[in-house]
Amino acid sequence: MLVVVALVLLTLVWSQWLVQPFVGVLEPLLSLSWLGWALLAVGLWLFAAQRSD
């Protein structure tokens, strides 16, 4: 039983100290709100590219 309690505490510590900071950083990437700007930038880059004939 002590091993189960230690495992639960270890899991909570792992989540709080290691996973939560990355969730805050990755949340804007996962929301896809940046996708329109990225497509616009790629479109402008492709439009402005010079042809190599």
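Preceding this section is the structure that the text describes.
Residues numbered from 1 in each chain as written. Predicted model: local features only at pLDDT ≥ 70, side-chain atom pairs only at ≥ 80, totals over all residues. Heavy atoms only, no water.

> Would you take a moment to explain the overall build of the protein chain for this structure?
Secondary structure summary: the protein chain contains two helices and zero strands in total. Its C-alpha atoms give the protein chain a radius of gyration of 22 Å, clearly above 10 Å, the size a compact globule of 53 residues would have. Projecting the C-alpha coordinates of the protein chain onto the three principal axes gives extents of approximately 75 × 25 × 15 Å. Expressed as a percentage of its 53 residues, the buried residues of the protein chain come to 0%. Carbon and sulfur atoms form 77% of the exposed surface of the protein chain, whose accessible area is close to 5,400 Å². (Helix = DSSP H or I, 4+ residues; strand = E, 2+ residues; numbered from the N terminus. Rg over C-alpha atoms; globule rule 2.2 N^0.38 Å. Buried < 20%, exposed > 50% of the residue type's maximum accessible area, 1.4 Å probe, protein only. Areas by Shrake-Rupley, 256 points an atom, 1.4 Å probe, with all protein chains shown as cover.)

> Got a minute to help me understand unusual backbone geometry in this structure?
Where the residue is not glycine, phi is negative for most of them; where a peptide bond is considered, it is trans in most cases. For Leu-32, which is not glycine, the phi torsion reads 65 degrees and is therefore positive. A residue is classified by how much of its surface remains accessible, and Leu-32, at 48% relative accessible area, is partly exposed.

> Looking at this model, I keep getting lost on helix α1 (residues 2-31). Mind explaining?
In an α-helix, one turn spans 3.6 residues; hence positions three or four apart end up facing the same way. The terminal C-alpha atoms of α1, which comprises 30 residues, lie 40 Å apart, in line with the 44 Å expected from a rise of 1.5 Å per residue. The largest bend in α1 amounts to roughly 45 degrees and is located at Val-19, with the proline Pro-21 lying one to four residues further along. Leu-32 sits one or two residues past α1 and shows a positive phi near 65 degrees. (Expected span 1.5 Å × (residues − 1). Bend = angle between axes of the 7 residues up to and from the residue.)

> Looking at this structure, I do not really get a nonpolar patch on the surface. What am I missing?
Among the surface-exposed residues, Phe-22, Val-25, Leu-26, Leu-29, Leu-30, Leu-32, Trp-34, Leu-35 and Leu-39 lie close enough to one another that they form a single nonpolar patch of about 940 Å² accessible area. Looking at the nonpolar patch, the element that brings in the most residues is α1, giving five residues. Examined against the element boundaries, Leu-29 turns out to sit in helix α1. (Patch = residues over 30% accessible without salt bridge, like charges linked within 9 Å, V, L, I, M, F, W, Y side chains within 5 Å. Salt bridge = Lys/Arg side-chain N within 4 Å of Asp/Glu carboxyl O.)

> Looking at this structure, I do not really get helix α2 (residues 35-48). What am I missing?
Taking 1.5 Å per residue, 14 residues should reach 20 Å; α2 reaches 20 Å between its end C-alpha atoms and fits that length. Judged by how many residues are buried, α2 sits mostly at the surface: zero of 14 residues are covered.

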